[in-house]
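What follows is each chain in one-letter form.
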Amino acid sequence: MWKNRVFLLGAAALALLAIVFTLCRKTVTPLPQPAPASTPAPGPLTGVTICVDPGHGGYDGGARGQASGALEKDVNLAVALCLRQELQDAGAQVILTRDTDTALEEGAQRKRRDLQYRVDAAREARLFLSIHMNEYRTRAESGPQVFYRAGQEDSRLLAGALQAQLIAGLRPARERSA
């Protein structure tokens, strides 16, 4: 079991390095959506289903970067689309809670239903990550943060690897933990 976790973490860390490298060379606008793979290629993550949640979306822009003016929802989506491609390239089946700039729910109690949709999507996967780029009044509190399903060691390891790569690539004032 521990060998699988080490292998999974190593494969994820390599994929995340590629993501951060790509993001550091591009703007923070969402990347074009790659064509979905009908069948994941054989790789170290073959048979693993991962739910990736790009936080916020649609009417909910999340935080706005003080220096750049970028909306958190756009940065989260750009990271999630890159991550999806890298994970699929490693053989994983990836579920995105959203792959465009849309709210997951509309109408009355939309925030509560939106969160419930994300919870339900996460239940369909072995691993779960929720990507956020928090911005607070003091820059010392701002930066990327990746959430994972409580009590799920593999999700914690993958969230930690993604968090470390986002910190290395974005160099926020405060290094938050996953």
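In short, a report on the structure. (Residues numbered from 1 in each chain as written. Predicted model: local features only at pLDDT ≥ 70, side-chain atom pairs only at ≥ 80, totals over all residues. Heavy atoms only, no water.)

This next bit is on the overall build of the protein. Summing up its helical and strand segments, the protein has 4 helices and 4 strands in all. Helices and strands in the protein line up, N terminus first, as α-β-α-β-α-β-β-α. The buried share of the protein, taken over its 178 residues, is 46%. Expressed as a percentage of contacts within the protein between residues at least 6 apart in sequence, the contacts between residues at least 24 apart total 70%. Taken as a whole, the protein presents about 9,400 Å² of accessible surface, with 55% of it coming from carbon and sulfur. (Helix = DSSP H or I, 4+ residues; strand = E, 2+ residues; numbered from the N terminus. Buried < 20%, exposed > 50% of the residue type's maximum accessible area, 1.4 Å probe, protein only. Contact = heavy atoms within 4.5 Å. Areas by Shrake-Rupley, 256 points an atom, 1.4 Å probe, with all protein chains shown as cover.)

Quick look at the pairing of strand S1 (residues 49-54) now. Across the 6 residues of S1, 5 count as buried, placing the element largely inside the fold. Bridge count between S1 and strand S2 (residues 93-96): 4 bridges; the pairing is parallel. Bridged to Ile-50 within S2 is Val-94. Bridge count between S1 and strand S3 (residues 127-134): 5 bridges; the pairing is parallel. Within S3, the residue paired with Ile-50 across the bridge is Leu-127. (Pairing = 2+ DSSP bridges.)

Moving on, we get to the sheet that holds S2. Taking strand neighbours across the sheet as the criterion, the 4 strands line up as S2-S1-S3-S4 in an open arrangement whose pairing is mixed. Of all the strands in the sheet, the pair left with one neighbour each is S2 and strand S4 (143-148). On average, each strand axis in the sheet is inclined to that of its neighbour by 25°, with strand direction left out of account. Here S3 pairs with S4 via 6 bridges, running antiparallel. Each residue of the ladder has a partner; that of Ser-130, found in S4, is Phe-147. Contacts between helix H4 (residues 153-170) and the sheet are confined to S1, S3 and S4, with S4 contributing the most and set at about 170° to the helix. (Axes fitted to C-alpha atoms, helices over the stretch in contact; angles between N-to-C directions.)

Scanning the model with the defined rule gives 5 salt bridges in all. In this structure, Arg-118 and Asp-53 form a salt bridge, with 2.2 Å as the shortest nitrogen-oxygen distance. Within this pair, whereas Arg-118 is found in helix H3 (residues 110-123), its partner Asp-53 is found in strand S1, the two being separated by 65 residues in sequence. Comparing Arg-118 with Asp-53 shows no difference in burial state: the two are buried. (Salt bridge = Lys/Arg side-chain N within 4 Å of Asp/Glu carboxyl O.)

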